[in-house]
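# Structure at a glance
Next come the chains, spelled out residue by residue.
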Protein chains: 2
Amino acid sequence: MKKNQELNEDKESLIYPKTLSGFRDILPSLAITKEDMIVKIKGVFRKFGFVPIETPHLEYTEILLGKGSDEIQKQLYRFLDNGKRDVTLRFDHTVPLARFVVQHKNSLGLPFKRYAVGNVFRGESPQSGRYREFTQCDFDFIGTYSITADSEIVQVIYSSLKALKIDDFTIFLNNRKIVNGLCEKINISHKVSDVLRIVDKINKIGAEQVRLELMKELELSEAEVDEIMIFITIRERDHKDNFFKFIEKYKGYNATMKGGIEELEFMYQILRKVGINSNNYTIDFSVARGLGYYTGIVYETTLDKMPQIGAVASGGRFDNLTKSFSNDNLPGVGASIGIDRLITALEKLEVISSSQTPAKVLIANLDESYLAESYAFANTLRNAGIAVEVYPEVSKIAKQFAFANKKGHEYLIAYGEKETITFTYILADLKNGDKIPIDSIESLILKLKE
Amino acid sequence: MKKNQELNEDKESLIYPKTLSGFRDILPSLAITKEDMIVKIKGVFRKFGFVPIETPHLEYTEILLGKGSDEIQKQLYRFLDNGKRDVTLRFDHTVPLARFVVQHKNSLGLPFKRYAVGNVFRGESPQSGRYREFTQCDFDFIGTYSITADSEIVQVIYSSLKALKIDDFTIFLNNRKIVNGLCEKINISHKVSDVLRIVDKINKIGAEQVRLELMKELELSEAEVDEIMIFITIRERDHKDNFFKFIEKYKGYNATMKGGIEELEFMYQILRKVGINSNNYTIDFSVARGLGYYTGIVYETTLDKMPQIGAVASGGRFDNLTKSFSNDNLPGVGASIGIDRLITALEKLEVISSSQTPAKVLIANLDESYLAESYAFANTLRNAGIAVEVYPEVSKIAKQFAFANKKGHEYLIAYGEKETITFTYILADLKNGDKIPIDSIESLILKLKE
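All names here are of chain B. Topologically, Asp284 is positioned in the loop between strand E8 (281-283) and strand E9 (297-303). Taking the C-alpha atoms as reference points, Asp284 and Ile234, 50 residues apart in sequence, are found 6.4 Å from one another. Not counting the four nearest positions on each side in its chain, Asp284 is found in contact with Phe172, Leu173, Asn174, Ile232, Ile234 and Arg235. At 2.8 Å, the side chain of Asp284 forms a polar contact with the backbone nitrogen of Ser286.

Looking now at the relation of the copies chain A and chain B. In screw terms, the move from chain A to chain B is a rotation of 180° and a rise of 0.0 Å along the axis, fitting with an RMSD of 0.0 Å. Within this description, the copies of the chain are treated as partners about a two-fold rotation axis. Among all residues of chain A, the one whose C-alpha sits closest to the rotation axis is Phe79 of chain A, at a distance of 3.1 Å. Here 99% of the contact residues of chain A are again contact residues in chain B; the copies associate through an equivalent surface.

This paragraph deals with helix H18 (residues 441-448) of chain A. Residues and elements named next belong to chain A. Listing the buried residues of H18 in full gives Ile441, Leu444, Ile445 and Leu448. The buried residues of H18 occupy an angular sector of 100° when projected down its axis, which confines them to one face. With respect to the buried face of H18, the exposed residues turned more than 90 degrees away are Glu442 and Leu446. In the core, the buried residues of H18 are packed alongside strand E12 (361-365), helix H15 (371-383), strand E14 (411-415), strand E15 (425-429) and strand E16 (435-438).

This part takes up the sheet that holds strand E4 (residues 86-89) of chain A. All names here are of chain A. Ordered in space as E2-E4-E3, the three strands form an open sheet in which the pairing is antiparallel. Two strands close off the open sheet at either side, each with one partner strand: strand E2 (58-60) and strand E3 (78-80). Direction aside, neighbouring strands of the sheet carry axes that sit 35° apart on average.

Turning our eyes to something else, we now look at the pairing of strand E5 (residues 112-121) of chain A. For a regular strand, side chains alternate in direction, first toward one face of the sheet and then toward the other. Residue and element names in this part refer to chain A. Within E5, nine of the ten residues are buried, which leaves it mostly tucked inside the rest of the structure. In this structure, E5 lies alongside strand E6 (residues 133-142), joined through ten bridges in antiparallel fashion. Its bridge partner being in E6, Gly118 is matched across the sheet by Gln136.

A separate point is the interface of chain A and chain B. Counting residues at the interface gives 108 residues for chain A, matched by 108 residues for chain B. For the chain A and chain B pair, buried surface summed over both sides reaches about 9100 Å², with 57% attributable to carbon and sulfur atoms. Taken together, the connections running from chain A to chain B amount to 14 salt bridges. Among the salt bridges present, the one from Glu389 of chain A reaches Lys113 of chain B, with a minimum N-O distance of 3.8 Å. Inspection of the region where chain A meets chain B yields 53 residue pairs in polar contact (both at pLDDT 80 or more). Examining the composition of the side of chain A that touches chain B, we find that nine residues originate from one element, helix H2 (residues 28-47) of chain A, more than from any other.

Turning to the packing of H2 of chain A against helix H2 (residues 28-47) of chain B, a few remarks are in order. At a minimum axis separation of 13 Å, H2 of chain A and H2 of chain B run at an interaxial angle of 145°. Of the two possible hands of crossing, H2 of chain A and H2 of chain B adopt the one that is left-handed. Two secondary-structure elements touch here, H2 of chain A through Ile32, Glu35, Asp36, Lys42 and Arg46 of chain A and H2 of chain B through Ile32, Glu35, Asp36, Lys42 and Arg46 of chain B. When grouped by side-chain class, the residues that make up the contact of H2 of chain A with H2 of chain B number two nonpolar, no polar and eight charged.

Sheet strands pair via backbone hydrogen bonds, and the direction of the pair is either parallel or antiparallel. Residue and element names in this part refer to chain B. Spatially, E2-E4-E3 is the arrangement adopted by the three strands of the open sheet, whose pairing is antiparallel. Two strands lie at the open edges of the sheet, namely strand E2 (58-60) and strand E3 (78-80), each paired on one side alone. The average angle at which neighbouring strand axes cross in this sheet is 35°, direction not considered. Note that E2 and strand E4 (residues 86-89) share three bridges and pair antiparallel. Note that in E4 the partner of Glu59 across the bridge is Thr88.

Evaluation of the coordinates by the stated rule reveals 41 aromatic pairs over all chains. Note on Phe243 of chain A and Phe285 of chain A: the rings are 6.1 Å apart at their centroids and 55° apart in plane angle, and the pair reads as tilted. Of this pair, Phe243 of chain A sits in helix H12 (residues 243-247) while Phe285 of chain A sits in the loop between strand E8 (281-283) and strand E9 (297-303), placing them 42 residues apart in sequence. The exposure class of Phe285 of chain A is buried, given its relative accessible area of 5%. On the numbers, 6.1 Å between centres and 55° between planes, the contact of Phe231 of chain B with Tyr253 of chain B is tilted. You can see Phe231 of chain B sitting in helix H11 (residues 222-232) and its partner Tyr253 of chain B sitting in the loop between helix H12 (243-247) and helix H13 (255-273), a full 22 residues away along the chain. Residue Tyr253 of chain B is classed as partly exposed on the basis of its relative accessible area, which comes to 23%. Clustering of aromatic rings is evident, with ring pairs tying together Phe231, Phe243, Phe244, Phe246, Tyr250, Tyr253, Tyr268, Tyr281 and Phe285 of chain A. For the cation-ring pair, Lys249 of chain B lies above Phe246 of chain B, with the distance from its terminal atom to the ring centre recorded as 3.8 Å.

Turning our attention to helix H11 (residues 222-232) of chain A. Residues and elements named next belong to chain A. Within H11 the residues assigned to the buried category are Val225, Ile228, Met229, Phe231 and Ile232. Down the axis of H11, the smallest arc covering the buried residues is 160°, so these residues share one side. Exposed side of H11, more than 90 degrees from the buried face: Glu222 and Ala223 are the residues found there. Looking at the buried positions of H11, the neighbouring elements they touch are helix H7 (176-185), helix H8 (192-199), helix H9 (202-205), helix H10 (207-218) and helix H13 (255-273).

All names here are of chain B. At a minimum axis separation of 7 Å, helix H7 (residues 176-185) and H13 run at an interaxial angle of 160°. The angle between H7 and H13 falls in the class roughly antiparallel. Note that H7 runs across H13; the crossing there is left-handed. On the side of H7, the interface is formed by Lys177, Ile178, Asn180, Gly181, Leu182 and Glu184, while H13 contributes Thr256, Met257, Gly260, Ile261, Glu263 and Leu264.

Turning our attention to the pairing of E16 of chain A. As paired elements, E15 of chain A and E16 of chain A share four bridges and run antiparallel to each other. Residue pairing for E16 of chain A: Leu427 of chain A is matched across the bridge by Ile436 of chain A.

Moving on, we get to the confidence of the model for chain A. Residues and elements named next belong to chain A. Taken residue by residue, chain A gives an average pLDDT of 91. The fraction at 70 or more is 94%. Confidence over residues 1-11 falls short of pLDDT 50; this stretch has one contact with residues more than four positions distant or in other chains. As a predicted assembly, this complex carries a pTM of 0.93 together with an ipTM value of 0.92.

Each value, and the rule that gives it
- Residues numbered from 1 in each chain as written.
- Chains lettered and ligands numbered in written order.
- Predicted model: local features only at pLDDT ≥ 70, side-chain atom pairs only at ≥ 80, totals over all residues.
- Heavy atoms only, no water.
- Helix = DSSP H or I, 4+ residues; strand = E, 2+ residues; numbered from the N terminus.
- Contact = heavy atoms within 4.5 Å.
- Polar contact = N/O pair within 3.5 Å; in protein donor to acceptor, adjacent residues only side chain to side chain.
- Least-squares fit on C-alpha atoms with pLDDT ≥ 70 in both.
- Buried < 20%, exposed > 50% of the residue type's maximum accessible area, 1.4 Å probe, protein only.
- Arc of directions from axis to C-beta.
- Pairing = 2+ DSSP bridges.
- Axes fitted to C-alpha atoms, helices over the stretch in contact; angles between N-to-C directions.
- Buried area = accessible area lost by both parts, 1.4 Å probe.
- Salt bridge = Lys/Arg side-chain N within 4 Å of Asp/Glu carboxyl O.
- Left-handed = near helix turned anticlockwise from the far one by under 90°.
- Nonpolar A, V, L, I, M, F, W, Y, C, P; charged D, E, K, R; others polar.
- Phe/Tyr/Trp six-rings, centres within 6.5 Å; stacked < 30°, edge-to-face > 60°.
- Lys NZ or Arg CZ within 6 Å of the ring centre and 35° of its normal.
- Parallel < 35°, antiparallel > 145°, perpendicular 65-115°, else oblique.
- pLDDT = per-residue confidence, 0-100.

Here you go:
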């Protein structure tokens, strides 16, 4: 078998072009959309004073696994490099951030707000819409315990989705301290993570099944389970403006519960004042996903029209971020916007353009002798701020029209001797087939900038 | 030894935070600069109608090594993944492009112009300014033999550097066909790649040494070496406007030489007309670097004030791009802008801002009771297009000023009860220490937008 392969290679047989399972190419129309979305999201990050940083795609495994669970380990792209170092491709932006802030703390100054947009790698079983390499847009606020920072993360999620022209979304809020306080009250603090794990299934298996599992698996009494069930079915939207009045009574449980509720109250004070739409966020005590990693307020954002694609932006407070690297622990709060999921959703909602080109106009060439002039003409338009593509050869005009239609240019201008001499043009509108006569380059620029 | 390590881990000893040798973090001020530069370069790519695409960071080794030399093989990050696939981190954007165009040819349509900005990995010995992971900005024009495409690549290099406010650079041009034609003329076509390898050293070892090596290593006669030396010392700038007249006589050598010269002439026809500064490009027959991979016109760009950092943008025509993957070979021409080298140069020229924040203003907080109002105030400024950071806690005003000075905000506004009630502010200019009284939010926005 091996020999056959070698023989084939000797004959310089062709290599079949393919990507690895779970990896993908991003083709022009999607790549244009993705790049435009990232520009908008970065614009929001910057407007809130978050700065970009970059960390390597490859790190010492020891650095990345400091906090990794067994499950995560199986999904790693881990190997020995040529210098026999045990290295791993990053699987998120959070662990590298922890290393980064400890390593560069003195030059950064605290608090420190960073964003990181880049790809991470997980060897999960590929499935629809899930890839082994995908893009995460993380933003984090390091070095303050103030809930103002938590509220800012929610504002950034809100503003980012709005910047992407997405209006129908809900940011679901909860606080890890509420679950902690509840378990403390019924003396099952040692079972908090199991409670979270089971409660997390509520949307899949329903409240009744969650009740059964809590009783069986955790050996809780009916009264204990009742307490939990009452809590996790508390939703702000069932109480409207009376919500905080309604949950006021629970503050008496213990200091943890009281603290958890007061943090949410303070966050609401800010969210109510900063002018964001209160339809886009709500408190829901059943939100459990990821709570295990977090220490305070958490959030999970879903698109109202397609909750089934899962959370498109989630995060929370994690006050033990840097404990693997430093005894001076740094508090942090942050979130991640799932750009790939958002794109999947926008594709399904059919709001993504199918254009394969950023150029508004194609200059078609009619005459070999005027190619240089055609390029000069294109540059005049570019200097006026218009994106222009020039068909690089003289060929049949029908072929050049077909090219523009395939790529998605809005307009085509055929260029030759007449255009060079008279400075008049026929602008072909490729959407409706109109041929618009234009009597000067100035009018053309005005028309194209409409 | 192993046991000790395990013991340490049990004790939860700290992990020393460090990056791999040859890898690096990019800190805020540099990351802001790099991101801004890439936005400008992508803007130029798009204006010329190039589209973004993305290919995975990880590919089958077989795909990437189709054309790899032994030297490149040693520098690979190559390993078996969990599914025992032989995989490699990409070492450039060109081989993945070849796979991509063959794989997606039908949906793309030809000609196809793409850009790819992303990181590549090479295990070279780390040295000053060279990293094992670095960013390449590639742009390529696939599917046409027309020299108009070659000229467009040169225009894009020119416009990109101009967009970065770099004026003092030179794009050195040559044509692989000229060297081929010369070797054909003196009957040493089988030695072309050796000639190129030796000629490439001219800037390091000087013309006299190149002459000696050509004679000794390649066993060429004195007459043969003379012919080569005459050629490789031909520089357009020694002949000014008479250059093409001067080299006209060499067209008689053979069809290859004639074709090579005519291609340069046609390219010049376009470059002269499109309004780019002729001081920024010139023909130099000693340009040999990379010629081995190319089949036509090549270019290499250096910064006039720091030629020592090497080429910051180079490329050329490679008409055998896809031969590993398809019998329908596709011609291509493209170049790569070395963003990391450009940043190194700009750092040395001290034109990079040291600001660690994209936010123009820091809102300092004076009063716990007005934190929510302070965030609302910040959002009003953001909605007017101003990037604003809010200090997340109430602390001593001196500490908040020190923070702003460290991060590099231009202005600070202290916010508390008075500001909430009167809508008047004191704008502290952190560059000169001025305190500017502002009597309304509208005046503040105007001032900050100046």
